[in-house]
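# Overview (structure and organization)
Chain by chain, the residues:
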Amino acid sequence: MQRKIRKKITVTGIVQGVGFRPFIYRVAGENGVSGWVSNTSGGVVIEAEASAAALEKFIAEITSAAPPQSRVDSVSTEDIVPQGLSGFEIRQSLSRAENSAIIPADLAVCGDCARELADPADRRYDYPFINCTNCGPRFTIVKTLPYDRASTTMSAFRLCPDCKAEFEDPSNRRFHAQPNACPVCGPGARLDGYAGPRPLAEAARLLAGGSIVAVKSLGGFQFACGALDNEAVGRLRAAKRRPFKPLAVMMADMETVRRYCAVSEEEERLLRSAPAPAVMLKKSVPGALPLAAPGLDTLGVMLPYTPLHRVLFSELAALGFNEPLVMTSANLRDEPIAISAESFAGGLSGIAAAVLDHNREIHNRCDDSVAFCSAGKTRLVRRARGWVPGGIKLPRGGPCVLGAGGQMKGAFCLTRGAEAFLSQHIGEMDEPESDNFYRESLAKLSALLGARPETAACDLHPDYAATRIAKSLGLKIAEVQHHFAHIASVLAEHGLEEPAIGIAFDGSGLGPDKTVWGGEILLTDGAKWERAGSLRSARLPGGDAAAVEIWRMGLSWLREVFGENWRDKAPQIFARMEPAPAETVEKMVLSGFNSPHTTSMGRLFDAVSFICGGPAVVTYEAQAAMEFEAAALARAEGGWRFDVYKEGGLWIMDPAPVIRAAAAGGLAAGSASRKFHSAVYRAALAAATGISAETGIKKISLSGGVFQNALLLKLFEEGFARAGFAVYSNLQAPSNDGGLALGQAWAALKTL
Ligand code: ZN
Ligand code: ZN
Ligand code: FE
């Protein structure tokens, strides 16, 4: 008989709440390994005893065959004394104080559950709450740690004997699947005003008939209606006061997605992934689904990520209805997403014909995430369901810090040790309800993580709601400039602690000089930074009003570049302005009244898109820039340029030649847009090359909302790499203000 050896094996990473222990149990059995496995605060610990060869194979399979939702970060082993016992068991958790355990994010329905859901012989056939250790609700139902059923909103449901047997059987896919449920013992759906046995079939009938239905999903309610139904989408847009903003759509399957969109392999993987976000896809037919995304060449598409959505689509198919559904957060404007049916009797009444509700309570409100693919990587537009509360590894640990976030796309960040936890997307912080949602989420996430911050890092802007909340908490305050926070979010993600050049292009953020920044090149070194370059400045007439009435920025740049003769130089553009307001705005530009200086790149996009014939007024943030990007059809074109020069110690990117060329007209919008994108990239490259020559730094970090522009991001990433720079950009946090909190927290942590 072969001599046996015994090893203690510690596995770290996302190894809890994802079926890891049953997996170890199974692999141990297959390899004739005896011993035990247990959860500890430091990860999963295994004691394994077998022949050297069997043990080697067992250890290799821990990584190579790990469950789909797990992530093995490290496997360490240590020889211990063999005990000569047989059998393998799953032991109770060694420690109950598992605050460092990772709470998994919500997971889209898995392949095994999807098969059972569609199998008439299965006891969970058409059951909208089917789940297993590889899928189902997690973050949205968890109240406290450790993550077991009693500490989730599933505690209201008692497991029936069949479900209990699965739950207790280590060889079963549902072993310790905390939200395990079936039609006998689990949650049920109901449709208000309907008493029959098939609420989902009735909801499908209403949808197919042109109604709007409110649907309770994982982290909140959604408004659903036929995406090709002019009348229904129109009513929804009117009710949400969203005349043009793109709405996400849900499509039954990949075949439907391909009918409307061009999908790369990478995008398909993202659509089918466990977080299952809305993925921004290029329309394959220009103008496809115009009601959902008017004026854009992209569409935010989701696959049915809960079993409830799947059953709804199969009921629709049974009615012969095979069209996409608009599936958008149930809220008004940018308010927090509704999580209780009462909302539809209150502020949201009169929009939906019926409410498809269920009795599994949502503890943590969480919107759908939005992402796109660029250069082989997933980029986040909105980080929420499927990502939260996943940790982002920091290069090193420190005291617990709160990053308060920004005014738009509110989200906060808590650090614990060498990890940062970004909260779910809260919404626009100027919505009155956002304040409550923010405070409530902060209390819940702090409790869940056992994170008690002593310092709050916030923006310099005194009027940001998040800054006010942070200052009301009685913590030490660390102010972090907006654009450095954007760049610091990249430094945090990539563990970049050495000097780097940061390019922060966005809409606006307060500079230390009290002007409105937004087209900045920074030199960063850990928590230290200085401004090394910027866009030439112009007046921002009326402040934030200029981001809506974007013709104002057009006028401001024309006046800046052409002087008092601007009307003669650009008569066809002047003709598209109302004369009286134009006169007022010109006076503001000249006097500086309520018109701060700005170096905003986002506002330059607005100005150029207006000058090139785009809209004078927009209805949602970055609308003009997105439509302008769409016109470029993902291509760049030479011909336009910025002047780039050094002045007062700063590298200035001066768009005067671009403004002159744009004002001369004569180009199709697509061509103008392609030339502008290319010119922005080349201006930044010229300035960064100058800074690099002075400093010897060859590392570039990119952040800020302007890099949500997929064309620009691609130009920068590819171009700077070609020019010999190492390029870093946001992968785990959004590059827009939704990622600010991460940078704030990291910047503060570095100084403590
Ligand atoms: Zn499953
Ligand atoms: Zn059951
Ligand atoms: Fe910003």
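Residues numbered from 1 in each chain as written. Chains lettered and ligands numbered in written order. Predicted model: local features only at pLDDT ≥ 70, side-chain atom pairs only at ≥ 80, totals over all residues. Heavy atoms only, no water.

## Some details on the overall build of the protein
Assigned secondary structure in the protein consists of 22 helices and 31 strands. Relative to the globule expectation of 27 Å for 752 residues, the C-alpha radius of gyration of the protein, 27 Å, shows essentially globular dimensions. Taking the principal axes of its C-alpha atoms as reference, the protein extends roughly 95 × 60 × 45 Å. Here the protein holds 752 residues, and 59% of them are scored as buried. When contacts within the protein are restricted to residue pairs at least 6 apart in sequence, those whose partners lie at least 24 apart make up 72%. (Helix = DSSP H or I, 4+ residues; strand = E, 2+ residues; numbered from the N terminus. Rg over C-alpha atoms; globule rule 2.2 N^0.38 Å. Buried < 20%, exposed > 50% of the residue type's maximum accessible area, 1.4 Å probe, protein only. Contact = heavy atoms within 4.5 Å.)

## Things to note about the sheet that holds strand 3 (residues 43-51)
In spatial order, the strands read 4-1-3-2-5; together these five strands make up an open sheet with mixed pairing. Edge strands, defined here as strands with exactly one partner in the open sheet, are strand 4 (71-80) and strand 5 (88-90). Taking the axes of each pair of neighbouring strands and ignoring which way they run, one obtains an average angle of 20° across the sheet. Here strand 2 (residues 34-40) runs beside strand 5; their pairing, made up of three bridges, is parallel. Paired with Val 37 across the two strands is Ile 90, which belongs to strand 5. (Pairing = 2+ DSSP bridges. Axes fitted to C-alpha atoms, helices over the stretch in contact; angles between N-to-C directions.)

## Some words on the coordination of the zinc ion (ligand 1)
The protein atoms that coordinate the zinc ion (ligand 1) are Cys 110 (SG), Cys 113 (SG), Cys 132 (SG) and Cys 135 (SG), at distances of 2.3 to 2.4 Å. Geometry at the zinc ion (ligand 1) is tetrahedral, judged from its four donor atoms and the angles of 103 to 120° they form at the metal. Within one chain, the residues serving as donors to the zinc ion (ligand 1) are arranged as C-x2-C-x18-C-x2-C. Here the two residues Cys 110 and Cys 113 agree in accessibility, since each one is buried. (Donors = N, O, S within 2.8 Å, 3.2 Å for Na, K, Ca; no water. Tetrahedral: all angles 85-135°; square planar, octahedral: opposite > 155°, others 65-115°.)

## Overview of the packing of aromatic side chains
To describe a pair of aromatic rings, one takes the distance between the centres and the angle between the planes. Tallied over the full model, the rule gives 19 aromatic pairs. With a centroid separation of 6.0 Å and an interplanar angle of 85°, the aromatic rings of Phe 505 and Phe 716 are classed as edge-to-face. In this pair, Phe 505 is assigned in strand 23 (residues 500-510) and Phe 716 in helix 21 (residues 710-722), connecting sequence segments 211 residues apart. Accessibility classification places Phe 505 together with Phe 716 in one group, the buried group. Centroid distance Trp 517 to Trp 529: 6.0 Å. Interplanar angle 90°. Geometry classified as edge-to-face. Linking Trp 517 in strand 24 (residues 516-525) with Trp 529 in strand 25 (residues 528-535), this pair joins segments that are twelve residues apart in sequence. With a relative accessible area of 3%, Trp 517 lands in the buried category. (Phe/Tyr/Trp six-rings, centres within 6.5 Å; stacked < 30°, edge-to-face > 60°.)

## What to know about the nonpolar core
Judged by nonpolar contacts, the single largest core of 72 residues is most densely connected at Ile 503, Phe 505, Leu 558, Phe 642, Phe 676, Phe 716 and Phe 720. Here this core takes eleven residues from helix 20 (residues 669-695), the largest share from any one element. Residues in contact with Phe 642, not counting those within four places in the same chain, are Leu 535, Leu 604, Met 653, Asp 654, Pro 655, Pro 657, Val 658, Phe 676, Ala 679, Val 680 and Ala 683. (Core = buried A, V, L, I, M, F, W, Y, C linked by side-chain atoms within 4.5 Å.)

## Regarding the coordination of the zinc ion (ligand 2)
For the zinc ion (ligand 2), every protein donor is listed as Cys 160 (SG), Cys 163 (SG), Cys 182 (SG) and Cys 185 (SG), and the spread of their distances is 2.2 to 2.3 Å. In this structure, the zinc ion (ligand 2) is coordinated by four donor atoms arranged in tetrahedral fashion, with angles at the metal of 104 to 117°. Accessibility expressed as a relative area gives 0% for Cys 182, which makes it buried.

## Remarks on the side chain of Asn 364
By the secondary structure assignment, Asn 364 is in the loop between strand 14 (354-358) and strand 15 (370-374). Within the structure, the side chain of Asn 364 is placed 3.1 Å from the backbone oxygen of Val 142, a separation counted as a polar contact. Here Asn 364 is in contact with Phe 139, Thr 140, Val 142, Gly 219 and Lys 444, once residues within four sequence places are set aside. (Polar contact = N/O pair within 3.5 Å; in protein donor to acceptor, adjacent residues only side chain to side chain.)

## Let's talk about the domain arrangement of the protein
What the domain assignment reports for the protein is domain 1 (4-90), domain 2 (103-252 + 291-365) and domain 3 (534-729). A C-alpha centroid distance of 57 Å is found between domain 1 and domain 3. (Domains from an automatic or database assignment.)

## Thoughts on the packing of helix 12 (residues 482-494) against helix 22 (residues 740-751)
Packing of helix 12 against helix 22 leaves a shortest axis separation of 7 Å and a crossing angle of 80°. Considering their axes alone, helix 12 and helix 22 lie roughly perpendicular with respect to each other. Residues His 482, Phe 484, Ala 485, His 486, Ala 488, Ser 489, Leu 491, Ala 492 and Glu 493 of helix 12 form the contact with helix 22, whose own contacting residues are Leu 740, Leu 742, Gly 743, Gln 744, Trp 746 and Ala 747. Broken down by class, the residue content of the contact of helix 12 with helix 22 amounts to nine nonpolar, five polar and one charged. (Parallel < 35°, antiparallel > 145°, perpendicular 65-115°, else oblique. Nonpolar A, V, L, I, M, F, W, Y, C, P; charged D, E, K, R; others polar.)

## Points about the sheet that holds strand 17 (residues 391-393)
In spatial order, the strands read 17-20-19-18-21-22; together these six strands make up an open sheet with mixed pairing. Since the sheet does not close on itself, it has two edges, and those belong to strand 17 and strand 22 (476-480), each with one partner. Each strand of the sheet is rotated relative to its neighbour by a mean of 25°, with strand direction disregarded. Sheet topology places strand 19 (residues 413-416) next to strand 20 (residues 419-422); four bridges connect them, and they run antiparallel. Within strand 20, the residue paired with Cys 413 across the bridge is Leu 422. Of the strands in this sheet, strand 17, strand 21 (455-459) and strand 22 are in contact with helix 12, which crosses strand 22 at around 95°.

## Things to note about unusual backbone geometry
The step from Val 388 to Pro 389 runs through a cis peptide bond, and the omega angle for that step is 10°. Among the structural elements, Pro 389 can be located in the loop between strand 16 (377-382) and strand 17. Positive phi is not limited to glycine here, since Arg 241 has a value of about 55°. Note on Arg 241: relative accessible area 47%, which makes it partly exposed. In this model, Asn 594 sits at a positive phi of 50°, which is unusual for a non-glycine residue. Positionally, Asn 594 belongs in the loop between helix 16 (579-591) and strand 27 (597-598). With relative accessibility at 47%, the residue Asn 594 sits in the partly exposed group.

## Quick notes on helix 5 (residues 199-208)
Among the ten residues of helix 5, eight are classified as buried, and the element is accordingly described as predominantly covered. For helix 5, the set of buried residues is Pro 199, Leu 200, Ala 201, Glu 202, Ala 203, Ala 204, Leu 206 and Leu 207. Positive phi appears at Gly 210, one or two residues downstream of helix 5, with a value of about 100°.

## Structural notes on the pairing of strand 13 (residues 325-329)
Counting buried positions over the five residues of strand 13 gives five, a clear majority of the element. Bridging between strand 8 (residues 221-226) and strand 13 involves five bridges; their strand directions are antiparallel. Paired with Gln 222 across the two strands is Ser 329, which belongs to strand 13. Relative to strand 13, strand 9 (residues 249-250) is paired through two bridges, and the arrangement is antiparallel. When the bridges of strand 13 are listed, Met 250 appears paired with Leu 325.

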